[in-house]
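Next come the chains, spelled out residue by residue.
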Amino acid sequence: MSENNADTGALEAPTHWTSLEELARTPEFEAFASAEFPTAWEEARHSEAGRRDFLKLMGASLGLAGLSNACVRQPDEKIVPYVKMPEELVPGKPLEFASAVERGGYGTGVLVETHTYRPTHLRGNPEHPDSRGGLHPQAQAGVLDVWDPDRSRQIRRRGNVSTWDSFVREMNEVIANLSEQNGAGLRFLTGQTSSPTLLRTFEAIRQRMPEARWHIWEPVSRHHMYEGARRAFGRYLEVRYRLDRASVVFDLDADFMGAMPGAIRHQAEVLRTRNNQDFDRWCRLYVAEPTPTVGGSAADHRLRIRSGEAGALLAAVARALGLEVPRPKASVDGAFATAVARDLAAAGRGAVVVVGDAQPPEVHALAHAIHAHLGAAGHAVVTTEPVLAPVVDPMQSLRDLVSAMNAGEVETLIMLDRNPVYDAPADLEFGKALSKVPNRVHVGAHTDETADVSHWHIPSHSAFEMWGDVRSTDGTATIMQPTLRPLHDTHSPLAVLSIFSGENEGTDYDRVRKTWKERLKGDFEKTWRRALHDGTVPDTAFRVRQPKLDPKVLKGAPPPGPDGLEVRFVPDPNLWDGRFATNPWLLELPQPITKLSWDNAVLVSPSTAEKQGLEATDVVELRVEDRMVEAPIWVLPGMADDVATVHLGWGRRSAGPVGSGQGFDAYAVRSSQRPWNTAGKLKKTDRKKRLACTQDHFRMMDRGLIRAATTDHYASHPQFAHAREAHLPKLTLWKPWSYEGHKWGMTINLSACNGCNACVAACQSENNIPVVGKEQVAKGREMHWIRVDRYYSGPVEDPVLTHQPVTCMMCENAPCETVCPVNATVHGPEGLNQMVYNRCVGTRYCSNNCPYKVRRFNFHLYADWYEESLKGQRNPDVTVRGRGVMEKCTYCVQRINRATIQARVEGKKRIETDSIQTACQEACPSRAISFGDLNDPDADVARKQKTPLSYALLGELNTRPRTTYLARLFHRNDELPVPTPARQTESHGDAAGKGGTHGSH
């Protein structure tokens, strides 16, 4: 961050920048920025088409300028009426069903919105302990998986179409052949699970065939957390952070708001407190990490460290707290460790140290010792029985399976929703060992890399086509209920397992009910119905344990990290471990920090890039031991030096036509011995790779976009966010608008936003926003109605990150409305800037005249009107737009209209305060977005817009936007220095310096 200004204490104007290219003001960047709207004739002029095609294109565009929308032929549509309409179904009124989505064995509660029983949109279940009403992008995009046209639809045996009955007969023959051996030779491979029904089924298999073996593989595992608890307490325990009770949180290479289970809850508990101005309730957040994360961008203080130095840093904090621990060899920032230790000590039982799952068990155990020393154990940090069962090391379990396959001990292998041919560490050579198994069965939603080499492939249900159950991080169970019948010839993993357990006569519904009949007391049917309605099974949270700390835990020193270049393997924020690589919403969604779309890269710091002689987009050979993969470089400010971070989940070879061939496969160099961080080398090639990155798209150019200060400064200078516009006149040529009824507005709290992209994914799902593909994204044509701009401030190597969601500002003096020649963009009676799609002829004058660059133009027919399965996902209340149409955020006007109709039905004159939630607001875990009626003084948005922190983006232009922002505040520790600003070029400094004393782009 920049130094505080002596007069105002706010951040200096020249300190915010979006990319290294902007900071350097390279000629290439200036050319890109000036070509804000590349036109068709410019593309034709630079293409191979030549002059004749250019003239042909120009003639056609002039002749059809008024017919651009009419030239797209509407698709044929067929309708089928109900013979007998269900009683509970009201046309036009969606129904919601409570269920859950699973990642890594943990469940997140969701409410599934359906239209005529078609799941179209997801939102977090407010009653679920882990979702709290918010939802991460992977869950949001899960609704698209139901309708994915590339889903596997037919059972196949050795590449030929087969049937379920044939599969059951062959598996019964396998069971009969193995019965004399008590199941020896039969192996199962699954992911980690918390499902009570699945665990009961495996216990039934064990009773029936004692020699059968169950193996567990999870590319992104929590075993180090469990092992750390065992070393600290002598037993495996689940560690759960109660951050709503914390006043100081120290995140040590954890990404606790992104990759860690319970991330939505963590984000809510830490950042929702920043929606009030009671700073004593704010949780001060320290983050020490190698690669910037969404948690790091929300931090009050962030320290760059190598992953291998995390243990040494925590040991330094422990010694500063008075604990006698060995001194590791690695050197750490002593001032940072001392300041963190003092703050933790002052917080006492409200102190939390969150250790990342990739850190070795010794570091986790040391954190438990610190919590016990401070009195936080049992208060802000609690332990329960393990949620995932059985507790095994997935890496060792996979090694055991590979050894057994190589030894010829495996006759039949059943692989359930696993893809180890792709995601197993390269040194295990899983595919080679698998070829030695005589009978290979794969169960999964797609014909992936493992399905390609299996004898049987059983297509599986989507999450919303089957019955099941799953637990949250505190043990609370959710019954997963279907919202529609299976669309294809698919079957659940539970149905496959039931063949071996002897329960294959019933249905999944019967199996799940059987599990809970044995567990629930009292009136089962009443409790069952309540569990389905609420989305949680009552009284299933695990009891908090009070284990005794083993004093020997302080004697173990954390192991040192690798020498030289440290290569880190981390799950991708969108694709995770690769299981979501078939989902185009997630492929196109810009990653929160890098802003890369449709690709991954090797991330390095500017200093590391300079030392290695590398530039962004250079293709390098990434070598780990004797393995190598080629990958592009991306230079990322805020990275620790001598660290190369790679995201897992890309480089799929068999992920359908959408996901195959995107990015590079980091598993090709991942080792089972050091799966998280290891030593490696980079060797530059003579090639470059084009990467689609959105960080400089839709720029607003050198203006005061970010307003930020410390909480202490705000207490003494409450008007700092408004000094920029204080001297500006309020004259206008527009006639003032008056609103007799509602006046809709929005406020976004920058202190509560960490750039997680939940709002972007929710908006895409709700508003039928299409994907455009990598080539179009690279041209700056992504269609997302919300973009989350990421800004840096401070030194290039160690900047502070701030995120700013930008959507339509719904201006009172809207520049777009005055320039539209066909009146396609108009001002509504309740303040909405409305788009009339069938009037739009695609002049794009409105987009050129919009200073916020929030309008999106359909250069091509991006929406797929012909794929039948995709029609089921779309929201019927939102128009599907065609080529040649301008579109933008509508404040989810369909939800406003729905609430208006409901109010009329109930005889109410006005919509109740805060009864409407936009999709972005609804999805935000931290509640950074507020929406409502500005004419209602009791509305949350009205109260926030009256606070001194509220400011208008580009307010000096007098557009009078009704979407405003709350300036970002940092709850800093005065003991730690503030990073100094980056060196600016003269032109940049002059341009930004005119903006006054507030943070600027």
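To be clear, the structure that these remarks concern was listed above.
Cut-offs applied
- Residues numbered from 1 in each chain as written.
- Predicted model: local features only at pLDDT ≥ 70, side-chain atom pairs only at ≥ 80, totals over all residues.
- Heavy atoms only, no water.
- Salt bridge = Lys/Arg side-chain N within 4 Å of Asp/Glu carboxyl O.
- Buried < 20%, exposed > 50% of the residue type's maximum accessible area, 1.4 Å probe, protein only.
- Helix = DSSP H or I, 4+ residues; strand = E, 2+ residues; numbered from the N terminus.
- Pairing = 2+ DSSP bridges.
- Axes fitted to C-alpha atoms, helices over the stretch in contact; angles between N-to-C directions.
- Left-handed = near helix turned anticlockwise from the far one by under 90°.
- Contact = heavy atoms within 4.5 Å.
- Nonpolar A, V, L, I, M, F, W, Y, C, P; charged D, E, K, R; others polar.

Trainee: Give a detailed account of the pattern of salt bridges, specifying residues and quantitative values.
Mentor: For the structure shown, the criterion picks out 59 salt bridges. One salt bridge connects Arg 627 with Asp 626, and the closest N-O pair in it is separated by 3.4 Å. A relative accessible area of 13% means that Arg 627 is categorised as buried. In the salt-bridge network here, residues are joined through shared partners; they are Glu 96, Arg 123, Glu 766, Arg 895 and Glu 922.

Trainee: Lay out unusual backbone geometry with the relevant residues and their values.
Mentor: In this structure, the amide linkage connecting Ala 389 to the following residue, Pro 390, adopts the cis form with an omega of -10°. Topologically, Pro 390 is positioned in the loop between β14 (381-384) and α15 (394-406). A positive phi angle is found at Tyr 117, which is not glycine, with a value near 70°. For Tyr 117, the position within the fold is in the loop between β3 (106-115) and β4 (118-124). The backbone phi angle of Tyr 891 is positive, close to 60°, even though this residue is not glycine. Topologically, Tyr 891 is positioned in the loop between β35 (886-887) and α30 (893-905).

Trainee: So, the pairing of strand β9 (residues 238-241): which residues are in play, and what are the values?
Mentor: In β9, alternate side chains face the same way, and those of Glu 238 and Arg 240 on one face and Val 239 and Tyr 241 on the other are all buried. Bridge count between β9 and β14: four bridges; the pairing is antiparallel. Following the sheet pairing, Tyr 241 is matched in β14 by Val 381.

Trainee: Which residues make up the packing of helix α20 (residues 508-517) against helix α21 (residues 524-534), and what are the values?
Mentor: Contact geometry for α20 and α21: axes closest at 11 Å, N-to-C directions at 115°. Seen from above, α20 lies across α21 with right-handed handedness. Contacts between α20 and α21 involve Tyr 509, Val 512, Arg 513, Trp 516 and Lys 517 from the former and Phe 524, Glu 525 and Trp 528 from the latter. The residue inventory of the contact of α20 with α21, partitioned by class, reads five nonpolar, no polar and three charged.

Trainee: Explain the sheet that holds strand β6 (residues 160-161) residue by residue, including any values.
Mentor: Strand order in this open sheet of seven strands is β6-β5-β17-β16-β15-β7-β8, and the pairing throughout is mixed. In this open sheet, the two strands that pair with only one neighbour each are β6 and β8 (213-216). Strand direction decides the pairing type here: strand β16 (residues 439-444) and strand β17 (residues 456-459), joined by four bridges, are parallel. Paired with Val 443 across the two strands is Ile 458, which belongs to β17. Against the sheet, α15 engages β7 (186-190), β8 and β15 (412-416), with an angle of about 130° to β8.

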